[in-house]
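The lines below spell out each chain.
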Amino acid sequence: AQSVAQPEDQVNVAEGNPLTVKCTYSVSGNPYLFWYVQYPNRGLQFLLKYITGDNLVKGSYGFEAEFNKSQTSFHLKKPSALVSDSALYFCAVRDKRGGNKLTFGTGTQLKVEL
Amino acid sequence: EPEVTQTPSHQVTQMGQEVILRCVPISNHLYFYWYRQILGQKVEFLVSFYNNEISEKSEIFDDQFSVERPDGSNFTLKIRSTKLEDSAMYFCASSEASGSSYNSPLHFGNGTRLTVT
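The structure contained in this document is the topic of the report that follows.

Reading guide: rules and limits
Residues numbered from 1 in each chain as written. Chains lettered and ligands numbered in written order. Predicted model: local features only at pLDDT ≥ 70, side-chain atom pairs only at ≥ 80, totals over all residues. Heavy atoms only, no water. Helix = DSSP H or I, 4+ residues; strand = E, 2+ residues; numbered from the N terminus. Rg over C-alpha atoms; globule rule 2.2 N^0.38 Å. Buried < 20%, exposed > 50% of the residue type's maximum accessible area, 1.4 Å probe, protein only. Contact = heavy atoms within 4.5 Å. Lys, Arg positive; Asp, Glu negative; His and termini not counted. Charge placed at Lys NZ, Arg CZ, Asp CG, Glu CD. Salt bridge = Lys/Arg side-chain N within 4 Å of Asp/Glu carboxyl O. Disulfide = S-S within 2.5 Å. Pairing = 2+ DSSP bridges. Axes fitted to C-alpha atoms, helices over the stretch in contact; angles between N-to-C directions. Buried area = accessible area lost by both parts, 1.4 Å probe. Core = buried A, V, L, I, M, F, W, Y, C linked by side-chain atoms within 4.5 Å. Phe/Tyr/Trp six-rings, centres within 6.5 Å; stacked < 30°, edge-to-face > 60°. Lys NZ or Arg CZ within 6 Å of the ring centre and 35° of its normal.

## With respect to the overall build of chain B
Then step 1. Within chain B, the regular secondary structure consists of zero helices and eleven strands.
Then step 2. The order of helices and strands in chain B, counted from the N terminus, is β-β-β-β-β-β-β-β-β-β-β.
Then step 3. Whereas a compact globule of 117 residues would reach a radius of gyration of roughly 13 Å, chain B reaches 14 Å, a difference of no more than 12%.
Then step 4. Summarising its shape, the C-alpha atoms of chain B cover approximately 45 × 30 × 30 Å along the three principal directions.
Then step 5. Counting the 117 residues in chain B, one finds 44% classified as buried.
Then step 6. For chain B, long-range pairs separated by at least 24 residues make up 55% of all intrachain contacts whose partners lie at least 6 apart in sequence.
Then step 7. Looking at chain B, you have 9 positive and 14 negative side-chain charges, and the mean spots of the two groups are 4 Å apart.

Next up, the structure:
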């Protein structure tokens, strides 16, 4: 069965500093990995995905994520955080053997302060 | 940019009543999903739908739940007899089927907040 772990419930960072939101995954086949962001009272917005190829993928709003097969991780990063980045972030995985659904982690609340 | 739209945004119902949550997926998408989120926490998979039938469902999706695509645009989730624990935010999502569907992200609506009293 496919699963995702986000070990931090909350991450606090100062504006202008780099941010990292951690994610590790477990699948039986090759992983298809996704990051989503959720603002209050809104749906989940797609940020970026890793399917194959370059381990560093770039996405919306200056976010990027690094795929590490040996550590089964897919951490979300941004070189310089903005206050407007404050939101709930979800990592998700899809495994062909798990069907077409995405399985989500428990979410990490990112708080960027001035 | 095309969007998934959900109605109503908020539904209040009494325990034991039937509710229907409605969704209009993105027009060229062929995979449809329902997820729920309780108290802004984990996003839980309920069901996926493709080619006019359920392709996968979770343990949560018991006999009280059903889905339907009654016409070419709507996708509905029905809860036959609501319980207090069904109170949650319900999200509809859709994804493309062109090429490898595994590459396609899900596109989510803004959700329906269901409150069962």
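## A look at the pattern of salt bridges
Then step 1. Enumeration over the complete set of coordinates arrives at six salt bridges over all chains.
Then step 2. Between Lys111(A) and Glu113(A) there is a salt bridge, with its nearest N and O atoms 3.9 Å apart.
Then step 3. By relative accessible area, Lys111(A) is classed as partly exposed at 41%.
Then step 4. A salt bridge links Arg36(B) to Glu44(B), with the nearest nitrogen and oxygen atoms 3.1 Å apart.
Then step 5. Take Arg36(B): its relative accessible area is 10%, and that puts it in the buried class.
Then step 6. Its relative accessible area of 25% is what places Glu44(B) among the partly exposed residues.

## Quick notes on the state of the cysteines
Then step 1. Under the criterion given, the structure shown has two disulfides over all chains.
Then step 2. Two residues, Cys23(A) and Cys91(A), share a disulfide whose sulfurs are 2.0 Å apart. With the S-S dihedral at roughly -60°, the linkage between Cys23(A) and Cys91(A) falls on the left-handed side. Highlighted residues: Cys23(A) in the loop between strand E3 (19-21) and strand E4 (24-26) and Cys91(A) in strand E10 (residues 87-95), separated in sequence by 68 residues. Here Cys23(A) and Cys91(A) have matching classes, each one buried.
Then step 3. Across the disulfide from Cys23(B) sits Cys92(B); the S-S distance is 2.0 Å.

## Some details on the sheet that holds strand E3 (residues 19-24) of chain B
Residues and elements named next belong to chain B.
Then step 1. The four strands are arranged E1-E3-E8-E7 in an open sheet whose pairing can be described as antiparallel. What marks the edges here is a single partner per strand, and that holds for strand E1 (5-7) and strand E7 (65-68). Pairwise comparison of adjacent strand axes, ignoring direction, gives a mean angle of 20° for this sheet.

## Side note on the interface of chain A and chain B
Then step 1. Taken together, the 23 residues of chain A in the interface contact 22 residues of chain B.
Then step 2. Taken over both partners, the interface formed by chain A and chain B buries close to 1,900 Å², and the fraction arising from carbon and sulfur atoms is 53%.
Then step 3. Among the residues chain A hides against chain B, the three largest losses belong to Asn100(A), Lys101(A) and Phe104(A). Together they make up 28% of the total.
Then step 4. One can count one salt bridge joining chain A with chain B.

## Looking at the nonpolar core
Residues and elements named next belong to chain A.
Then step 1. Ranked by size, the top nonpolar core spans 26 residues in total, and within it Trp35, Leu47, Leu48, Phe74, Leu76 and Tyr89 carry the most contacts.
Then step 2. The set of elements that each furnish at least two residues to this core consists of strand E2 (10-14), E3, strand E5 (31-38), strand E6 (44-50), strand E8 (64-68), strand E9 (73-78), E10 and strand E12 (108-113).
Then step 3. Residue contributions to this core peak at four residues, all from E10.
Then step 4. Ignoring any residue separated from it by four or fewer positions in sequence, one finds Leu76 in contact with Leu19, Thr20, Val21, Trp35, Leu47, Leu48, Phe63, Glu64, Ala65 and Tyr89.

## Re the packing of aromatic side chains
Then step 1. Under the defined criterion, the tally for this structure stands at 19 aromatic pairs over all chains.
Then step 2. Between Phe63(A) and Tyr89(A) the ring centres are 5.5 Å apart and the planes differ by 45°, which places this aromatic pair in the tilted class. Here the residue Phe63(A) occupies a position in the loop between strand E7 (56-58) and E8, and Tyr89(A) occupies one in strand E10, the gap between them amounting to 26 residues.
Then step 3. Seen in terms of ring centroids, Phe104(A) and Phe108(B) are 5.9 Å apart; in terms of plane orientation they differ by 70°. Their pairing is edge-to-face. Placement of the pair is Phe104(A) in strand E11 (residues 103-104) and Phe108(B) in strand E10 (residues 107-108), with the two residues belonging to separate chains. One exposure class covers both Phe104(A) and Phe108(B), and it is buried.
Then step 4. Here the aromatic cluster, defined as three or more aromatic residues joined through ring pairs, consists of Phe34(A), Tyr36(A), Phe46(A), Phe90(A), Phe104(A), Tyr35(B), Phe45(B), Phe91(B) and Phe108(B).
Then step 5. The cationic tip of Lys78(A) hangs over the ring face of Phe63(A); the distance from NZ or CZ to the ring centre is 5.0 Å.

Geometry only, nothing functional implied.
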